[in-house]
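# Notes for the structure review
Listed below, chain by chain, are the residues.
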Amino acid sequence: MFHDVRTIQSARIARFGAGATIVRSDRALAESQIQNVAPSVFAESKHASRSERYTHIPTVEVLRGLAREGFHAFEVRQGGSRDADKRGFTKHLLRLRREGTALVGDSQREVILLNSHDGTSSYQLMSGLFRMVCSNGLVVAEGEAHAIRIPHKGDIVQQVIEGAYRVIDTGAEIDRRVAEMRRIDLRPAEQEAFAEAASALRFAGEASPVTPRQVNAPRRSADAGSDLWRTFNRAQENLTQGGLDYIHRNAETRAASRRSTRPVNGIDGNVTLNRALWVLSERMAELKAA
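The shown structure was predicted, so the numbers you read here are calculated from the model rather than taken from an experiment.

### Quick notes on empty space enclosed by the protein
Considering all chains together, one arrives at 1 cavity of 30 Å³ or more under this definition. Estimates place the volume of the largest cavity at around 40 Å³. For the lining of the largest cavity, the secondary-structure elements that each account for two or more residues are strand S3 (71-78), strand S4 (92-98) and helix H9 (267-289). Looking at the lining of the largest cavity, its residues break down into 3 nonpolar, 1 polar and 3 charged.

Take a look at the structure:
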C-alpha cells in the first residue's frame, strides 16, 4: 500500500462507522493509497439506480486531470454504507493542494472535492484550510462562489478543473478573513460564549455533555491565546477530533460512567460542522467590529 517507510510514518488511516475510511499524509497520496481506502473513487460504472442522463466519469479521471494542473490529494475519505450493493459507489471526499500555493499563516490552503456515484452527491468543490500546527482540516464556508456544484452531465473533468481554479482564486479573501480574526481579541466571557455556541452546533438537538471550558481548552501551547482565530481553532479541533472526557449518567439506574466524545469523521457531519463553525466565527468578527 505504501511506497516507503517515510510514507508509512506520515500517513494516518482510520476507520469509522459501517466500513468508512480516511487516510491523510504529509505528502501527495499515490493512486494505490487512495484506492486502498476509497475504492469508490475508482468506480468503473455508475450505480444501477442512476438514469441514462447520468454521465459517469470515475472520480480518478477527474483527479488525473487536476494532477496535470498541479493539484494533488493529501487526504481522502470514503463514507460507509449499510447497503452492500452501494459500497463501491459511496460518497467520497478529497482534499487537494496546488503546487506553489502560499501558506495562510500556519495553514495550507486546499481545495475540497466531494462526489459519489450512487446519487447521494453531485461533484462539489469547496475552500479549505489545513493547519500545519495540529494537522486539522477546516472547511471554509464562503458562499456559493466557494461551494461549487457540478452535476453529472457534460464535460465534468474540465468543469471541475475550472471550479478548482475558482476556489483557489478566492484565496486572497480567505487570507483577509484569517488576518482579521487574528487581530480580534476576545474577553474570557466572549471566548466562553463562543465555545458554548460551537458546542450547540456540534450537539444539535441534545444537551452538550462537555463544558465550554473543555471546548475552549488548548491542546498545545501554540493554541493558547485570546484572539478569535485561535479561539475558533480550539473549538473546531476539540469538537471535530473528539476525545473530551465527560461523565455519563443513566437516568434509570443512576449509574455513572466515564466516556469521551467521538470524532466527527463522517463526511456530511464533518463538512456541515466545519462550515457552521466558520460562519459562527465570521459573525463574531462582525459583532466585534460593530
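There is more to say after this.
### Description of the packing of aromatic side chains
Across all of its chains, the model carries 3 aromatic pairs by this definition. An aromatic cluster of at least three residues, connected via ring pairs, comprises Trp229, Phe232 and Trp278. We note Arg24 situated over the ring of Phe130; from NZ or CZ to the ring centre the distance is 3.4 Å. The ring of Phe74 has Arg97 sitting right over it, with the charged end atom 4.2 Å from the ring centre.

### What about the pairing of strand S7 (residues 123-131)?
Counting buried positions along S7 gives 9 out of 9 residues, so the element sits mostly inside the fold. Burial of S7 is two-sided: the residues Tyr123, Leu125, Ser127, Leu129 and Arg131 facing one way and the residues Gln124, Met126, Gly128 and Phe130 facing the other way are all buried. Note: strand S6 (residues 107-115) against S7, 8 bridges, orientation antiparallel. Across the sheet, Leu113 pairs through a bridge with Leu125, a residue of S7. For S7 and strand S9 (residues 147-150), the ladder comprises 4 bridges, and the chain directions are antiparallel. Residue pairing across strands places Met126 opposite Ala147, the latter belonging to S9.

### Quick look at helix H3 (residues 59-68)
Among all positions of H3, only Thr59, Val60, Val62, Leu63, Gly65 and Leu66 are buried. Buried residues in H3 make contact with helix H2 (31-37), S3, S4, S6, S7 and helix H4 (156-169). Directly after H3, the chain includes Gly70, whose backbone phi takes a positive value near 95°.

### Quick word on the packing of helix H5 (residues 171-183) against H9
Interhelical geometry of H5 versus H9 gives an angle of 60° and a closest axis separation of 10 Å. Taken together, the axes of H5 and H9 are oblique relative to one another. Pair H5 / H9 crosses with left-handed handedness. Contact residues: Arg177, Val178, Glu180 and Met181 in H5; Trp278, Ser281, Glu282 and Ala285 in H9. Here the contact of H5 with H9 is composed, by residue class, of 4 nonpolar, 1 polar and 3 charged.

### Considerations on the pattern of salt bridges
Evaluated as defined, the whole model comprises 20 salt bridges. Among the salt bridges present, the one from Asp223 reaches Arg131, with a minimum N-O distance of 2.8 Å. With Asp223 in the loop between helix H7 (212-215) and helix H8 (228-241) and Arg131 in strand S7, this residue pair connects regions lying 92 residues apart in the sequence. Residue classification places Asp223 among the buried positions, given a relative accessible area of 1%. A salt bridge links Asp227 to Arg230; its shortest N-O distance comes to 2.6 Å. Residue Asp227 is classed as buried on the basis of its relative accessible area of 9%. Where salt bridges share partners, they join Arg24, Glu75, Arg77, Arg95, Arg97 and Glu110 into one cluster.

### A word on H8
Over its 14 residues, H8 extends 20 Å from the first C-alpha to the last, a length consistent with the 20 Å expected when each residue adds 1.5 Å. The element H8 is largely enclosed, with a buried count of 12 among its 14 residues. Residues Leu228, Trp229, Thr231, Phe232, Asn233, Arg234, Ala235, Gln236, Glu237, Asn238, Leu239 and Thr240 constitute the buried set of H8. Between the side-chain oxygen of the N-cap and the backbone nitrogen of Trp229 there are 3.2 Å, and the N-cap of H8 in question is Asp227. Trailing H8 by a residue or two, Gly242 shows a phi angle of about 70°, which is positive.

### With respect to the environment of Ser107
Within the fold, Ser107 resides in strand S6. Considering only alpha carbons, one finds Ser107 and Asn136, 29 residues apart in sequence, at a separation of 9.4 Å. Those residues in contact with Ser107 that sit more than four places away from it in its chain are Leu129, Phe130, Arg131, Met132 and Trp229.

### Topic: the environment of Leu94
Positionally, Leu94 belongs in strand S4. In the structure, Leu94 is positioned 19 residues away from Glu75 in sequence and 5.5 Å away in space, judged by C-alpha atoms. In this structure, Leu94 is in contact with Ile34, Val41, Thr59, Leu63, Ala73, Glu75, Val76, Val111, Ile112 and Leu113, ignoring residues within four places of it in sequence.

Calculation rules
- Residues numbered from 1 in each chain as written.
- Predicted model: local features only at pLDDT ≥ 70, side-chain atom pairs only at ≥ 80, totals over all residues.
- Heavy atoms only, no water.
- 1 Å grid on protein atoms, 1.4 Å probe; cavity = no way out; pocket = protein on both sides within 12 Å on 5 of 7 lines; lining within 4 Å.
- Points joined across faces, edges and corners; volume = space filled by probe spheres on them.
- Helix = DSSP H or I, 4+ residues; strand = E, 2+ residues; numbered from the N terminus.
- Nonpolar A, V, L, I, M, F, W, Y, C, P; charged D, E, K, R; others polar.
- Phe/Tyr/Trp six-rings, centres within 6.5 Å; stacked < 30°, edge-to-face > 60°.
- Lys NZ or Arg CZ within 6 Å of the ring centre and 35° of its normal.
- Buried < 20%, exposed > 50% of the residue type's maximum accessible area, 1.4 Å probe, protein only.
- Pairing = 2+ DSSP bridges.
- Contact = heavy atoms within 4.5 Å.
- Axes fitted to C-alpha atoms, helices over the stretch in contact; angles between N-to-C directions.
- Parallel < 35°, antiparallel > 145°, perpendicular 65-115°, else oblique.
- Left-handed = near helix turned anticlockwise from the far one by under 90°.
- Salt bridge = Lys/Arg side-chain N within 4 Å of Asp/Glu carboxyl O.
- Expected span 1.5 Å × (residues − 1).
- Polar contact = N/O pair within 3.5 Å; in protein donor to acceptor, adjacent residues only side chain to side chain.

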